[in-house]
Amino acid sequence: MKQSTLVVLMALLILSSCSPKVITNIQKTYPAQDSIEDVNVIGLDEAEPDYAEYIGNVLIHDTGFSTNCGYDVVIGKAKTEAVKAGGNTLKLTEHIPPSIWASSCHQIAARILLVDESLSDSNVIKTASVDNTIYSQLEPMLHKDEPVEEREYKRFRLAVNGGYSYQLAKISDEVPADFKDYIKGLKSGYHFGADANYFFSEQMGLGAKYTMFGASNSIDNIYLEDEDGDRIYGSMSDDLRIMFIGPYLSTRYLAQKSNNAFFLSLGIGYLSYKNDKVIINPIRMTGGTAGYTLDVGYDIEISEDFSLGFQVSMLSGVLRKYTLDNGYQSETIELEEGQYEGLGRIDFSIGLRFNK
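A brief look at the structure comes next. (Residues numbered from 1 in each chain as written. Predicted model: local features only at pLDDT ≥ 70, side-chain atom pairs only at ≥ 80, totals over all residues. Heavy atoms only, no water.)

Re the pairing of strand S5 (residues 107-115)
Piece 1. For S5, the tally of buried residues reaches 9 of 9 residues, placing the bulk of the element in the interior.
Piece 2. By the alternation rule, side chains of S5 split into Gln 107, Ala 109, Arg 111, Leu 113 and Val 115 and Ile 108, Ala 110, Ile 112 and Leu 114, which are all buried.
Piece 3. In terms of strand pairing, strand S3 (residues 52-61) meets S5 through 8 bridges, oriented antiparallel. Within the sheet, the bridge partner assigned to Glu 53 lies in S5 and is Leu 114.
Piece 4. Here 7 bridges tie strand S4 (residues 89-96) to S5, and the two strands are oriented antiparallel to one another. Paired with His 95 across the strands is Ile 108, a residue of S5. (Buried < 20%, exposed > 50% of the residue type's maximum accessible area, 1.4 Å probe, protein only. Helix = DSSP H or I, 4+ residues; strand = E, 2+ residues; numbered from the N terminus. Pairing = 2+ DSSP bridges.)

Here we look at the environment of Ser 307
Piece 1. Among the secondary structure elements, Ser 307 is positioned in strand S12 (residues 306-319).
Piece 2. Here Ser 307 falls in the buried class, since its relative accessible area comes to 2%.
Piece 3. Taking the C-alpha atoms as reference points, Ser 307 and Phe 354, 47 residues apart in sequence, are found 6.6 Å from one another.
Piece 4. Those residues in contact with Ser 307 that lie beyond four places of it in its chain are Asp 299, Ile 300, Glu 301, Ile 302, Gly 351, Leu 352, Arg 353 and Asn 355.
Piece 5. In terms of polar contacts, Ser 307 uses its side chain to reach the side chain of Asn 355, at 3.3 Å. (Contact = heavy atoms within 4.5 Å. Polar contact = N/O pair within 3.5 Å; in protein donor to acceptor, adjacent residues only side chain to side chain.)

Describing the sheet that holds S4
Sheet strands line up and pair through hydrogen bonds in the backbone, either parallel or antiparallel.
Piece 1. Sheet architecture is open: 5 strands sit in the order S1-S3-S5-S4-S2, paired in mixed fashion. Each edge of the sheet is formed by a strand with only one pairing partner; in this case those strands are strand S1 (21-26) and strand S2 (40-42). For this sheet, the mean inter-axis angle between neighbouring strands, taken without regard to orientation, is 25°.
Piece 2. Where S2 and S4 come together, 3 bridges link them in parallel fashion. Following the sheet pairing, Asn 40 is matched in S4 by Thr 89.
Piece 3. Set on the sheet, helix H2 (residues 71-85) makes contact with S1, S2, S3, S4 and S5; between it and S4 the angle comes to about 140°. (Axes fitted to C-alpha atoms, helices over the stretch in contact; angles between N-to-C directions.)

Okay, structure coming up:
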């Protein structure tokens, strides 16, 4: 249950990610414009017209949890502020592109202007001074590098993973001391799987995840004793398989000058449980439940379309019932609270990614 709580908290963190913060400093206002489509944008290296009238400043910056902050989004927010103040032009004065080390957001500062070409030959006095106090909140991050143009980003990502896994559930106190080491041997295993997702913006994407966990152990020279004291000798083994499949939400933070990327993904889906056991005689245990997965990973570009990925994942789920089948008959066992089977584990993965 603690694992489920952690996953839920991470979900709330992702889902509560907000839009970038908007700060304005308006010196004067005019009647609002009709639409943001009426607002023109003047680039960093372009001069504003001499007959432009200064209205105020607008600043769009990262809150630390912002996700919906692509270039078009922040420009749209700045245009909205210009429209409300009666301006029809934005003159960009600063643009900080996303950086893997600083912020995943585009951050901009701009002057809001009212440009009326009919006044180009008149004696309109343009307010030339700029109130720089609006930039103080971004000052530690501002730099004078050449502006980086918006680049095309990869929309499709296919990831193949594999590696070591460790089951997190506590060993029940009801397990006899002689068998605790045997159960510990089932906690370590391997996994393999694949993820596929589509990024509808530079930072956000949707996808699907499949992963399979496997672990096995065996022990010889055990016996079962009936009510009359008669013993049957043999071996015991477990061949465990736990599969997860389901959709997930991803957020991605791209490096500034490469296709290296940090990923955070949260998914919910179906967990299937199968254990081919032998306790003198073979028995198959099967079951299913809801599962939750949290992935944190980093991809390192090795070519234009391929990356090497490293990932840590936490998977959580609780099995409340299962079916026993001995080949002759089957029985469904309902577990009581306190006896639930925890399926939580942590995966350490390495794999290849294809990006397009």
